Amino acid sequence: MPDWSDEDCVKLLEGCKKAITCKGNFKKRNKVIIVDMIVMENQKSKDIIDHVHDDRSYETLLFFDMIEMIFLPGTRDRTEKEWAKLFSNAGFTTYKITPLSGVRSLIEVFP
């Protein structure tokens, strides 16, 4: 979703919400699962390196960010606040973020 506009992300999430809350599905604890990067606000480089466990992972993160910016204009990573706004605008009520190994996080979004 990093190369999608906020408006397109909201449309996609609205469609996901509709699918997981349609008649017959709502009784289950359905969710949307996203694996993506969460930009930490007010974070120092050392804190980021500690989060991704080593210098090599941090360098890889920066490399892929540069590649995305060059080949996918408009690409950006979102902060937790920006993700939360997308989820809210799409009608979701809550979410849970779990850091994975490396620089990605598992984001679970609930209706």
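Provided above is the structure to which this section pertains.
Residues numbered from 1 in each chain as written. Predicted model: local features only at pLDDT ≥ 70, side-chain atom pairs only at ≥ 80, totals over all residues. Heavy atoms only, no water.

Undergrad: Describe the packing of aromatic side chains, naming the residues involved and giving the relevant values.
TA: Taken as a whole, this structure holds 2 aromatic pairs when the rule is applied. Centre to centre, the rings of W83 and F87 are 5.8 Å apart; their planes meet at 25°, and the pair counts as stacked. Placement of both W83 and F87 in helix α4 (residues 80–89) is noted, with a separation of 4 residues, approximately one turn of the helix. Judged by relative accessible area, W83 falls into the buried class, the value being 1%. The class of F87 is buried, set by a relative accessible area of 2%. Taking the centre distance of 5.5 Å and the plane angle of 55° together, the rings of F87 and Y95 count as tilted. (Phe/Tyr/Trp six-rings, centres within 6.5 Å; stacked < 30°, edge-to-face > 60°. Helix = DSSP H or I, 4+ residues; strand = E, 2+ residues; numbered from the N terminus. Buried < 20%, exposed > 50% of the residue type's maximum accessible area, 1.4 Å probe, protein only.)

Undergrad: Break down the nonpolar core for me, with residues and values.
TA: Counting residues in hydrophobic clusters, the biggest one holds 15 residues, and the most contacted among them are L13, I34, W83, F87 and F92. Sorting the residues of this core by element identifies α1 (6–21), β1 (32–36), α4 and β5 (105–110) as the ones contributing at least two each. Ranked by the residues each element gives to this core, the list is headed by α1, at 4 residues. Setting aside anything within four residues of it in sequence, one finds W83 in contact with M1, I34, D36, M37, I38, R78 and I107. (Core = buried A, V, L, I, M, F, W, Y, C linked by side-chain atoms within 4.5 Å. Contact = heavy atoms within 4.5 Å.)

Undergrad: Requested: an account of the environment of N89, with residues and values cited.
TA: Turning to its location among the elements, N89 is positioned in helix α4. Each C-alpha atom of the pair N89 and D6 lies 9.7 Å from the other, and the pair is 83 residues apart in sequence.

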